[in-house]
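# Summary of the model geometry
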Amino acid sequence: MTTSRPVPTFDDDIADRKLCIICSKGSLDMAYPGLILANAALGEGIETHLFFTFWGFEIINKKTMGNLQFTAVGNPATHMPAALAGLPGMQAMATRMMRKQIASLDVPPVPEFLRLITDAGGHLWACRMSFDMMKLSEDDLFDGVEGVIGATEFMEISAGAQTLFV
Amino acid sequence: MLVTIAGRHVNVNEEGFLTEFDDWDETIAAALASDIGIALTEEHLAVVRFVRDDYQAQSTSPTLRRIRTTGGFDTKRLFVLFPKKPAKKIAYVSGVPKPIGCV
């Protein structure tokens, strides 16, 4: 008996796809979109680069990466009255709640997430200007960061890529 | 649709993924792996067995992160064993649906 059966074409459709994500924010809620998309892209066999700039450095700075904060201040989407959002202790409470929600979805904390991304073949780059401005040394950065590069080098790396700004 | 894999009649969906968990055995896994250019070894099978057990326990296919954190398999190694799209390829060879989790 002869059968012709469907076989998935896992690789054919992604030949040269490449994704670059610019991570420019340092709050807990804004760290995750870039990390989640990078992880998903890598799982699809897409060449993926993350470029950390300005406040995005909080994500790759060893001192801050495990302690990113969330605040309801200036964020009407939380539906918290503005007068309450800025009270002492509110940021810590909001951060604690968000961390708990993230963990309950089985999404890893930032340092573990970065390791997952580099293990999956993702590339992490730090912005030269932010690095100099913040007077950091390479020892301050997560060890998976491949290099400190300028905007021009990023343009070379991102040639032909889809680029997202977060 | 009903098709023949490794001499057995099994059900697959339009993409070729097995639709019946119990249709699977290791001979069929070897045939599915060979379809997508993978020569199945004991190391592949260790991952596949974990994924099948986990699917049975959780009623959902594990994501790569779960295969690492719960199964204890190294992510880098998974990308070597099942290149480019490990989570989907592992699911295909394991006879379970594509994982739907984001992380």
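The structure under discussion appears in the preceding block.
Residues numbered from 1 in each chain as written. Chains lettered and ligands numbered in written order. Predicted model: local features only at pLDDT ≥ 70, side-chain atom pairs only at ≥ 80, totals over all residues. Heavy atoms only, no water.

## A few points about the overall build of chain A
Under the convention used in this document: Strands are runs of DSSP state E lasting at least two residues, helices are runs of H or I lasting at least four, and both sets are numbered from the N terminus onward. Exposure categories follow from relative accessible area, calculated using a 1.4 Å probe and restricted to protein chains: below 20% of the type maximum is buried, above 50% is exposed, and the middle band is partly exposed. We call two residues in contact when some of their heavy atoms are within 4.5 Å.
Helices and strands together make up the secondary structure of chain A, namely 7 helices and 5 strands. Listing every helix and strand of chain A by position from the N terminus yields β-α-β-α-α-α-α-β-α-β-α-β. Principal axes of the C-alpha set define a box for chain A whose edges measure 75 × 40 × 25 Å. Relative to its full complement of 166 residues, chain A shows a buried share of 47%. Across chain A, the fraction of contacts at a sequence separation of at least 24, relative to all contacts at a separation of at least 6, is 74%.

## Side note on the pairing of strand β2 (residues 8-11) of chain B
Residue and element names in this part refer to chain B. What counts, and what does not: Between any two strands, pairing holds if DSSP finds at least two bridges.
Here strand β1 (residues 2-5) pairs with β2 via 4 bridges, running antiparallel. Looking across to β2, one finds that Leu 2 is bridged to Asn 11. Linking β1 back to β2 in an antiparallel pair, the connection comprises 2 residues, with Ala 6 at a positive phi of about 50°.

## Regarding the side chain of Asn 61 of chain A
Residues and elements named next belong to chain A. The following threshold applies: Pairs of N or O atoms are called polar contacts if they sit within 3.5 Å, as long as, within protein, a hydrogen donor faces a hydrogen acceptor (for residues adjacent in sequence, only side-chain-to-side-chain pairs).
Take Asn 61: it is sitting in the loop between α2 (57-60) and α3 (82-85). Among the polar contacts listed, one links the side chain of Asn 61 to the backbone nitrogen of Lys 63, at a separation of 2.9 Å. If near-sequence neighbours (up to four positions away) are discounted, Asn 61 is found in contact with Leu 136 and Asp 140.

## Here we look at the packing of aromatic side chains
Note on aromatic pairs: each is described by the distance of the centres and the angle between the planes. Going by this rule: Here is the rule: rings of Phe, Tyr and Trp (six-membered ring for Trp) pair when centre to centre is within 6.5 Å. Planes less than 30 degrees apart are stacked, more than 60 are edge-to-face, and the remainder are tilted. Remark: a charge is flagged as sitting over a ring if the NZ atom of Lys or the CZ atom of Arg is within 6 Å of the ring centre and within 35 degrees of the ring normal.
In the structure shown here, the tally under the stated rule is 7 aromatic pairs over all chains. Between Tyr 32 of chain A and Phe 113 of chain A the ring centres are 6.0 Å apart and the planes differ by 50°, which places this aromatic pair in the tilted class. Separated by 81 residues along the polypeptide, Tyr 32 of chain A in helix α1 (residues 28-43) and Phe 113 of chain A in helix α5 (residues 110-119) bring together distant segments of the chain. Here Tyr 32 of chain A and Phe 113 of chain A have matching classes, each one buried. Both rings, one in Phe 51 of chain A and one in Phe 154 of chain A, keep their centres 4.5 Å apart while their planes meet at 25°; by these two values the pair is stacked. In this pair, Phe 51 of chain A is assigned in strand β2 (residues 47-52) and Phe 154 of chain A in helix α7 (residues 151-157), connecting sequence segments 103 residues apart. You'll find Phe 51 of chain A and Phe 154 of chain A in the same group, each marked buried. Over the face of the ring belonging to Phe 21 of chain B we find Arg 52 of chain B, whose NZ or CZ atom lies 3.8 Å from the ring centre.

Interpretation in functional terms is not warranted from these geometric data alone.
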